[in-house]
Structure formats: structure tokens, C-alpha cells
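Architecture and fold: a report
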Amino acid sequence: MSKLNQLIEDPIRWGAIVIGVLILGAIWIGTSQVPASATTSGSIPSPREGFAAPDFTLETLEGETLTLSDLRGKAVVVNLWASLCPPCRAEMPALQSAYEADRDRGLEIVAVDMTYQDNEEDAQRFADDFGLTFAIPMDRDGTVARQYLMRALPSTFFVGPDGVIRKVVIGGPMSEATIRSTVSEMLEEVP
Amino acid sequence: MLPILQAGPIAIQMPGLILLAGVWVAVSLTDREAPRYSMKPSTLSNMILIGLVVGILSARLWYVIRFFDIYLENPLSILSLNPTTLAPLEGVLTGIAAATFYGYRKGLPLWPTLDVLTPGLSAFGLAVGFAHLASGDAFGVETTMPWGIELWGALRHPTQIYEVLAAGFIFWLIWEIRRKTPFSGFLFLTWVALTALSRLLIEAFRGDSIIAYGSLRSAQMGSLVVLVIALIGMHLLSRAQVQGSPS
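The structure presented is a predicted model; accordingly, all values stated were derived computationally and were not measured.

1. A closer look at the overall build of chain B
When you go through chain B residue by residue, the secondary structure sums to 8 helices and 6 strands. Each helix and strand of chain B, ordered N terminal to C terminal, gives the series β-β-α-α-α-α-α-β-β-α-α-β-β-α. Counting only C-alpha atoms, chain B reaches 60 × 50 × 45 Å along its principal axes. Among the 247 residues that make up chain B, the fraction classed as buried is 37%. Restricting the contact set of chain B to residue pairs at least 6 apart, pairs at least 24 apart contribute 69%.

Take a look at the structure:
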């Protein structure tokens, strides 16, 4: 180790090493540069932070057709739920009041019912019980569950106005403040 | 990738569990190393504990302050914890500040203290690599190399595995040289330099880099700065300690 110490103490030889590291490092940075579009940057659909939210078109409880990508330009909360899941039940009132608070500022909530594990009557009763006013699309064949790699209910995906996922919350219930603080960051980007 | 381990009714978040194990290993290694530096293991583990507790609480507090009006309407939600409602950077900085203040009050010397913490830090670095492996975070860019792994909808460089290998090598090296260091601060700065070097190299294969100045990966530029500062720091420390010592 004493040889190493002599090397470190020597301003000329150590200085040369530092400069060498700096030059090699700069060359490495130069060779590994990429256009911003080559990294995640939202082009690939995948259910995780930094990726485009996988798109879907489903029929809602009200009988309308909803396409996720039509909601570009708004802050969107995609919540996957089922009426038989207790934590989903526990967080629905928080979603509803967050919706009432920020709907006018450009918040959309898309609460996809896992209809293939649930049934439509129970989902309807659930929506009536809680007085839900946001869109409730029905995933009848599990397409959205597969697209979003659903592994726990509820799962919530916060999608920015550009269609890119900002935050993912697996499991619940989330508190109203958790929802609203996350949403308020996205609302700042809404035109 | 094993983000969640289902143990009967309990869903265990693997990345969190791995990081917790990393903290435990880091504390036990520090306990073992302390006597060689004539330090009390309890003072050091208290310092780590204070850093962690203050770090987590303040990460929460900074987040609440940022969204104060929302939490004012729902004050009980301040207690509703969720990893997404933390301000990580502010938490880490406040935790380090608290640990530093405690160490200063206890009269711990700066560089020997950093050296005694280094084996633990490098073990924790290994745990971070394994946590990334479990969660699939810090993922690679798309590749056609035969060792690419299928992740997030594409065949990608297994950057988490590169990270584990690099961190494993760094841990092994630090462990080997920890008793043969020429001056105090050497071990810590070696760890800083190697960790910065590994980030500088591996970042080139990452698929989630933050890009600055058009096409440059910002983490690489940061790593190169840290690496150079660590090397210059070694030079300054070695000269200062030669002049300071009676021989």
C-alpha cells in the first residue's frame, strides 16, 4: 500500500491519473449519449412509472364507450377495483371526493371494474351506494387486468396529461390526501 | 423479478425487505469494525438509527409541507403512510444532517468514522442492486445481445445484474483492503470513487436515464464529477496526513 500512497501523494503522477480519468469518462459519456426519445420517455406502453399508460376501450356502467387515450390533456387516475374487495370499498369515498374537488381543474377518474371477477349487478349497487359520479368502465374479459399486470386490488395508476404514468400505487386503501397531493402535481401540467 | 412475495395472507414487498436486510447487515458490519477504530459500536449504531428515523420522518414531513393545504383539510392523513407520499431527496439530506450532527456532538472524528461505515455502506450498495433486481427498477435499454432479459415489454440489458456484479466486486475489494489503508479517509473515498465509476459505466446501458443537454445522461455527468472529486480528495487527504504525522 505504501507504493499506492506515494502515487496518491505525488501531485504530478496523481494529477495525470485524474486528468486521464476525466478524459476517458468524458469519452465514455460521449459514446453512450442517446436521443431523449431512446430512453423511456413515454413511448412504450407498460404499467409503470415513466411509460405510456396502456390504452383500452371499454363500455361503462352507464352504457357509454370510454377510450383512455381520449383523455389526453387531463390528469387521469386509473383505478382497478372490484366490489368484493374491502380496501377498494374503503378508498372509493376518497376517490369520489378527490374527483369532486378537482374535476373542474381537469381531473378524470377512470375506475375500471374487474367485471370478469365481479358481476355487473354488484358493481352497479356499489356505485349507487357510494354515489360515484366518475366513469366506471367494465373489464369483462380481463384485458385491462392483463395490460396493467394486475397483481393486487385496488391498483391505481396516475396518468399525466401526456398519457405517461407518473405514479403507481399497488394495494390500498389510499387516503384522500395521498390521491389529491399526487393529482395536484399532475394538474399543474394541465393546459 | 419478484416484487411481491405472497406468504399466505401477507403480501411482502420484496424490494423493501431486501433494503431492510441491507440496513441490518450494514449495522452488524459496522459493529464488528468499530473496535479496530477504538469506537463504541453503540455510538455508531445510534448514529445510523438516528439518521434512518429522522430521514424517514422528515421525508414524510417535507411532503406534507409541500401539499400543506391538502393535508390541512385532512390532518389525519398525515399518519397514512404510503411510499409515494414521501419526499425522498429531502429525507436523505435531512437524515444525513441529523446523523452528522449526532456524530459531531459525540466527538466522532470525521474521516475514521466514514471509514468504519464503509464496509456497511458497500454492503448496502449490494442490497440496492438486489432490490432493483426484485422490483425491475433501474432497467436497461433494449438490446439484441443474447443475455438480454424480457422486461417491461422489450428485450433489455439486465442492468440490475450488472449493478449487483459491480456492487459485489466493490464490497469484496473494500472488505479485502479495509485493514491495509494508507491513511484515514482512504477506504471511504475508494468506495465513493468505485461506486461513482460503476454508475458511470452501467448508466450507459440504462433505459430510464434522465437526459440533459440534448442527449447526455445526467447521472453519468454527476458520477464523473463525484469520481474526480473523490480522487482529488484522496490526494489532499494523503498529503495533509503526511504533514500532520510526526514521522
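Back to the write-up after that little detour.
2. Describing the nonpolar core
Residues and elements named next belong to chain A. Core analysis: the biggest nonpolar cluster contains 43 residues, and V77, V78, L80, V110 and V183 have the highest contact counts within it. Broken down by secondary-structure element, the contributors of at least two residues to this core are β3 (75–81), α3 (86–102), β4 (107–113), α4 (120–130), α5 (143–147), β5 (155–159), β6 (165–170) and α6 (176–187). Counting residues per element, this core draws most heavily on β3, which supplies 6 residues. When sequence neighbours within four positions are dropped, the list of residues in contact with L80 reads V112, M114, V144, A145, Y148, M150, L153, P154 and S155.

3. A short note on the domain arrangement of chain A
On domain assignment, one finds that chain A holds domain 1 (2–33) and domain 2 (57–187). Domain 1 of chain A and domain 2 of chain A are separated by 54 Å when their C-alpha centres are compared.

4. Some details on the pairing of β4(A)
Residues and elements named next belong to chain A. A large share of β4 lies buried, amounting to 7 of its 7 residues. Side chains of β4 alternate between two faces, with L107, I109, A111 and D113 and E108, V110 and V112 buried alike. As defined by bridge partners, β3 adjoins β4 across 7 bridges and the pair is classed as parallel. Across the sheet, residue W81 finds its bridge partner in β4, namely D113. Once you follow β3 into α3 and on to β4, the crossover reads as right-handed.

5. Some remarks on the environment of B:H157
All names here are of chain B. Mapping H157 onto the fold places it in the loop between β4 (154–156) and α6 (159–177). Owing to 22 C-beta atoms within 10 Å, H157 belongs among the buried residues under this scheme. Sequence separation of H157 and F205 is 48 residues, and the distance between their C-alpha atoms is 6.5 Å. Sequence-distant contacts of H157, defined by excluding residues within four places in its chain, comprise G140, V141, T143, M145, G148 and F205.

6. Focus on the interface of chain A and chain B
At the interface, 40 residues of chain A touch 39 residues of chain B. When residues of the side of chain A that touches chain B are traced back to their parent elements, those giving at least two are α1 (2–9), α2 (11–31), β6 and α6 of chain A. A class-by-class count of the residues in the side of chain A that touches chain B yields 20 nonpolar, 14 polar and 6 charged.

7. A few points about the sheet that holds β3(A)
Residue and element names in this part refer to chain A. Strand order in the open sheet made by the 4 strands is β4-β3-β5-β6, with mixed pairing throughout. The open sheet terminates on both sides in strands that have one partner only, identified here as β4 and β6. When the angles between neighbouring strand axes are averaged without regard to direction, this sheet yields 15 degrees. Bridge count between β3 and β5: 5 bridges; the pairing is antiparallel. Along β5, the bridge assignment pairs V78 with F157. Across the sheet, α3 lies against β3 and β4, angled at about 155 degrees from β4, the strand it touches most. Each of β3, β4, β5 and β6 is contacted by α6, which is oriented at about 145 degrees to β3, the strand it contacts most.

8. Some thoughts on the pairing of β5(A)
Residues and elements named next belong to chain A. Of all 5 residues in β5, 5 are buried, a share of seventy percent or more. Alternating residues of β5 divide into S155, F157 and V159 and T156 and F158, and every residue in both groups is buried. Here β5 pairs with β6 via 5 bridges, running antiparallel. Across the sheet, residue T156 finds its bridge partner in β6, namely V169. Between β5 and β6, which pair antiparallel and follow one another directly, the connecting turn spans 5 residues, one of which, G163, has a positive phi of 85 degrees.

9. Overview of unusual backbone geometry
Put simply, A:L153 and A:P154 share a cis peptide bond, and its omega is -10 degrees. With respect to the element layout, A:P154 can be found in the loop between α5 and β5. Despite not being glycine, A:L149 shows a phi value in the positive range, around 40 degrees. Within the element layout of this structure, A:L149 appears in the loop between α5 and β5. The class of A:L149 is partly exposed, set by 14 C-beta atoms lying within 10 Å. Unusually for a residue other than glycine, B:A138 sits at a positive phi of about 55 degrees. Looking at the secondary structure, you find B:A138 in the loop between α5 (110–135) and β3 (149–151).

Calculation rules
- Residues numbered from 1 in each chain as written.
- Chains lettered and ligands numbered in written order.
- Predicted model: local features only at pLDDT ≥ 70, side-chain atom pairs only at ≥ 80, totals over all residues.
- Helix = DSSP H or I, 4+ residues; strand = E, 2+ residues; numbered from the N terminus.
- Buried ≥ 20, exposed ≤ 12 C-beta atoms within 10 Å, placed from the backbone.
- Contact = placed C-beta atoms within 7 Å.
- Core = buried A, V, L, I, M, F, W, Y, C linked by C-beta atoms within 7 Å.
- Domains from an automatic or database assignment.
- Pairing = 2+ DSSP bridges.
- Right-handed = clockwise from strand over helix to strand, strands pointing away.
- Nonpolar A, V, L, I, M, F, W, Y, C, P; charged D, E, K, R; others polar.
- Axes fitted to C-alpha atoms, helices over the stretch in contact; angles between N-to-C directions.

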